[in-house]
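The residues making up each chain are set out below.
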Amino acid sequence: MKIAITGVTGNMGQAVFAALENENYIEKIVLLAHNKKKLKKLLNKHKKLRGKTQVVEGNFNDKDVCANLIKDCDIVLNMAAVIPPKSDASPKNAEVCNQLGTYALVSAIEESQNQPKLIHISTVALYGNRTAPHPFARVGDPLVVSPFDIYSATKLRAEFRVLESGIKTWAVLRQTAMLHPNMLTDNLHSGLMFHTCYDAPLEWVTAHDSGLLIRNLLSKEAANELPESFWKKCYNIAGGAINRSYGIDSLNGGLALIGGNAKQFFNAGDNAIRNFHGVWYSDGNILNDLFNFQTQSIADYWKEIKRNHKIYAAGKIVPKSLIRHFAIKPLLKDPIAPAFWAKNNEAHIIAFFGERAEYEKLQQKSWDDVIIPALPALDAIPENETPLFYGYDFGKRDEDIDLADLKAVAQAHGGKLITDNFVKGDIYTKLEWETQDGERFIASPYTVLRAGHWHNPVYDGYVWDFDRLCKKDRIFASVWYDSHKENENMRYYCDENFTGYAEKLQK
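Residues numbered from 1 in each chain as written. Predicted model: local features only at pLDDT ≥ 70, side-chain atom pairs only at ≥ 80, totals over all residues. Heavy atoms only, no water.

Comments concerning the overall build of the protein chain
Phase 1: Regarding its fold elements, the protein chain presents 20 helices and 19 strands.
Phase 2: Its C-alpha radius of gyration of 23 Å places the protein chain within 12% of the 23 Å reference for a compact globule of 507 residues.
Phase 3: For the protein chain, the C-alpha atoms occupy an extent of roughly 60 × 60 × 50 Å along the three principal directions.
Phase 4: Here the protein chain holds 507 residues, and 57% of them are scored as buried.
Phase 5: Of all intrachain contacts in the protein chain linking residues separated by at least 6 positions in sequence, the fraction that spans at least 24 positions is 75%.
Phase 6: As displayed, the protein chain offers around 22,000 Å² of accessible surface, 50% of which is attributable to carbon and sulfur atoms.
Phase 7: Distance from the positive charge centre (60 side chains) to the negative charge centre (61 side chains) of the protein chain: 6 Å. (Helix = DSSP H or I, 4+ residues; strand = E, 2+ residues; numbered from the N terminus. Rg over C-alpha atoms; globule rule 2.2 N^0.38 Å. Buried < 20%, exposed > 50% of the residue type's maximum accessible area, 1.4 Å probe, protein only. Contact = heavy atoms within 4.5 Å. Areas by Shrake-Rupley, 256 points an atom, 1.4 Å probe, with all protein chains shown as cover. Lys, Arg positive; Asp, Glu negative; His and termini not counted. Charge placed at Lys NZ, Arg CZ, Asp CG, Glu CD.)

Okay, here's the thing in C-alpha cells:
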C-alpha cells in the first residue's frame, strides 16, 4: 500500500506516523510537510519508516503539488490544518491551509487517472456551541459554526467540498477534542483557554488513540477487510463515555499537575459563557465498533503528562498567587482573551457573552455562583433529553428516504427543493436546493440530511447571520437558541483583514 499524508507534523499526524511504524503492508509513505524542522525530527524518531518515506515540497494550496503528492498512491490521509490558537492569530493561514489546501487536494484527486481513496479529517468544531439541553451530537446534526471561529468556517467549507466532490471513494472523520503531548505548552502561550466555557461538554480522545484508529483503518483496508459500506460517509471520532467531561474539568486536570485547580488560578468571570465548540456523542460507538481504538482515558493522559514532564511537580511548592500573577494574568492581555476584548473588541464580547452587561455582571460573581451540571452516568443512554429537530424522521434507512423527506427538510430550513424528481433512496445524487434568501446550491441528500450541511452566508464569506436565519430556519434554531436569545438580532462578520464586527439588525 502506498499512502500520501498531509499534516504529518501536526499533533494527530505525528501520532498516526508513530502508529504506522511497524506496519509491514506499507510500501511507501509520501509526505507533504510545512515544517521541515519538525519533519526531520519525526523521521529521526521513527527510523523504520525513513526508507519508505518520500517528501514532496511545495504549497498545499497548489494543485500541481498535490498531484505530485498523490501520484501512484492508494490512499490519501488529509490531516493538514491550522487550528486554534494559531488560526486565531493567523486567520489567513487557516484559510489557505484548511480550505484552499483541501480544495487543491480534492481537485488533484478528481483529475487523477487512478483516483486514490481519501480519508479527510474534519472537526467537532462544525457543530458549534453545544450546551444543555443538547450536549449530545451525532452526524446529521445541523452545522451551526460559532461566530468569528475562522477555523470552523474554513473546515466547514473544506468538508462540503469533499462531500460534493467527484472523488469516488472517500470518508470524513470529524475529530473531537484531542489530548496531545503539546496541549499544555500550546495553551499557556495564548488566551485560548479563556474561550472554554466552564459548562461546555467535551468528549476527549487522545492523540495515541487517534493514531491507533488510522492504523487499524489502514490495516483493514490493506487486508481487504473494510466493508464497502464504510465509504462515502461522515463519522465522529469520539473517546467514549469515560472521556466525557466539562470545560472546567479540563482546566482542573492540567492545573492538578501543579497542585491546584481552576478556582485557585481563574476568576469566575474570566471565561466565555458561549460561542465555544464541544460536544458529547450519541454515535461515538460507530467508529470504535469498526476499529477498536478507544484505549486511553483522560486520567491515563494526565498520568502520562505527569510522568514525562516532572518539571510540573515543581509548581506544587510555588505559591498559587505567584503562578496566577506570572503565568495566568499575562494571558488575560492576549488579543484573543475576553479581558482584552472588554477594552478593545465589543463585537467579541457580544458574541461570547451576549452583551456587555452580562460580561460585567460575571466580573462580580464568585465561584459559588458557578453551577456545573452533573456528568451523565457512564452507562446512561447517550441521548439528549430534548431531541433535536431534523425536519424528517432521522431514523429512516437511507434506502427509504423519499422526495417528501427532502422537501420537508428544505422547508424546515426556510427554503425549498428545486429538483422535482428523485429516485427513492438515491441519496448521493446531486440535487438543487434554494435557501430562504433565494440562493441556490447543489448538494446530495446525504450532504444535507445525513451530514447536516445547509448553505448559508458562512459558506461564501465570514458572515454569521444565524440570529436572522433562525427566524425561519427551524433546524438551525433547534441548536442556536440553546445559547442565544430570540431577540438578539445580531449579524457577526469579518472584513477582508479578518477584523470582527457585530451589527444590530432591525427587527
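Further notes follow.
Description of the sheet that holds strand S18 (residues 490-494)
Phase 1: With respect to topology, three strands assemble into an open sheet ordered S17-S18-S19, the strand pairing being antiparallel. Two strands lie at the open edges of the sheet, namely strand S17 (463-464) and strand S19 (500-504), each paired on one side alone.
Phase 2: Here S18 pairs with S19 via five bridges, running antiparallel. In the strand pairing of S19, Tyr-493 is matched with Tyr-501.
Phase 3: Packing of helix H15 (residues 346-353) onto the sheet brings it into contact with S18 and S19, and relative to S19 it is tilted by some 70°. (Pairing = 2+ DSSP bridges. Axes fitted to C-alpha atoms, helices over the stretch in contact; angles between N-to-C directions.)

Some remarks on the packing of helix H3 (residues 63-70) against helix H5 (residues 91-111)
Phase 1: Contact pair H3 / H5: the axes reach a minimum separation of 8 Å and the direction vectors enclose 55°. With respect to H5, the axis of H3 lies oblique. Every pair of crossing elements has a handedness; the one defined by H3 and H5 is right-handed. For the pair formed by H3 and H5, the contact residues are Lys-63, Cys-66, Ala-67, Leu-69 and Ile-70 on the first element and Gly-101, Ala-104, Leu-105, Ser-107, Ala-108, Ile-109 and Glu-111 on the second.
Phase 2: Residue composition of the contact of H3 with H5, by class: eight nonpolar, two polar and two charged. (Parallel < 35°, antiparallel > 145°, perpendicular 65-115°, else oblique. Left-handed = near helix turned anticlockwise from the far one by under 90°. Nonpolar A, V, L, I, M, F, W, Y, C, P; charged D, E, K, R; others polar.)

Things to note about helix H17 (residues 403-412)
Phase 1: For H17, the complete set of buried residues consists of Asp-405, Leu-406, Val-409, Ala-410 and Ala-412. Down the axis, H17 shows its buried residues gathered within 165° of arc, on one side only. The outward face of H17, more than 90 degrees from its buried face, is lined by the exposed residues Ala-404 and Gln-411.
Phase 2: Buried residues along H17 sit against strand S14 (416-417), strand S15 (431-434), helix H18 (445-450) and helix H20 (474-480).
Phase 3: Among the residues of H17, the N-terminal cap falls to Asp-402, whose side-chain oxygen and the backbone nitrogen of Ala-404 are separated by 3.2 Å.
Phase 4: Of the residues one or two after H17, Gly-414 is the one with positive phi, at around 85°. (Arc of directions from axis to C-beta. Polar contact = N/O pair within 3.5 Å; in protein donor to acceptor, adjacent residues only side chain to side chain.)

Structural notes on the side chain of His-134
Phase 1: Secondary-structure assignment places His-134 in the loop between strand S5 (117-123) and strand S6 (136-137).
Phase 2: Look at His-134 and you get buried, because its relative accessible area is 4%.
Phase 3: Polar side-chain contacts of His-134 include one of 2.8 Å to the backbone oxygen of Thr-386.
Phase 4: Non-local contacts of His-134, meaning those with residues more than four positions away in its chain, are made with Asn-384, Thr-386, Pro-387, Leu-388, Ser-478 and Asp-482.

Looking at the pattern of salt bridges
Phase 1: For the coordinates displayed, the defined rule picks out 26 salt bridges.
Phase 2: As a salt-bridge pair, Glu-111 and Lys-63 come within 3.0 Å of each other at their nearest N and O atoms. Within this pair, whereas Glu-111 is found in helix H5, its partner Lys-63 is found in helix H3, the two being separated by 48 residues in sequence.
Phase 3: Given the relative accessible area of 57%, Glu-111 is considered exposed.
Phase 4: Among the residues examined, Lys-63 registers a relative accessible area of 34% and is labelled partly exposed.
Phase 5: Notably, a salt bridge pairs Arg-274 with Glu-488, separated by 2.9 Å at the nearest N-O pair. (Salt bridge = Lys/Arg side-chain N within 4 Å of Asp/Glu carboxyl O.)

Topic: the packing of aromatic side chains
Phase 1: Using the criterion set out here, one finds 24 aromatic pairs in the structure.
Phase 2: Relative to Trp-302, the ring of Tyr-301 has its centre 4.9 Å away and its plane inclined at 65°; by these criteria the two rings are edge-to-face. Accessibility classification places Tyr-301 together with Trp-302 in one group, the buried group.
Phase 3: Residues Tyr-462 and Phe-498 carry aromatic rings whose centres are separated by 5.3 Å and whose planes lie at 55° to one another, so their mutual orientation is tilted. Here Tyr-462 is found in the loop between H18 and S17, whereas its partner Phe-498 is found in the loop between S18 and S19, with 36 residues between them in sequence. (Phe/Tyr/Trp six-rings, centres within 6.5 Å; stacked < 30°, edge-to-face > 60°.)

A few points about the sheet that holds S15
Phase 1: In spatial order, the strands read S14-S15-S16; together these three strands make up an open sheet with antiparallel pairing. Strand pairing shows two members of the sheet lacking a second neighbour, S14 and strand S16 (440-443), which therefore form its edges.
Phase 2: As paired strands, S15 and S16 are joined by four bridges and run antiparallel to one another. Counterpart to Trp-433 in the pairing with S16 is Phe-441.

Comments concerning a nonpolar patch on the surface
Phase 1: There is a patch of nonpolar side chains on the surface, built from Ile-317, Val-318, Leu-322 and Phe-326 and spanning about 430 Å² of accessible area.
Phase 2: Position of Ile-317 among the secondary structure elements: in the loop between helix H12 (298-308) and helix H13 (320-328). (Patch = residues over 30% accessible without salt bridge, like charges linked within 9 Å, V, L, I, M, F, W, Y side chains within 5 Å.)

Regarding unusual backbone geometry
Phase 1: Note that the residue after Pro-84, namely Pro-85, is joined by a cis bond; omega there is 5°.
Phase 2: Take Pro-85: it is sitting in the loop between strand S4 (75-78) and helix H4 (86-89).
Phase 3: With an omega dihedral of 5°, the bond running from Ala-132 to Pro-133 counts as a cis peptide bond.
Phase 4: Structurally, the position occupied by Pro-133 is in the loop between S5 and S6.
Phase 5: Here Asp-72, not a glycine, exhibits a phi torsion of approximately 65°, which is positive.
Phase 6: Along the chain, Asp-72 turns up in the loop between H3 and S4.
Phase 7: Look at Asp-72 and you get exposed, because its relative accessible area is 59%.

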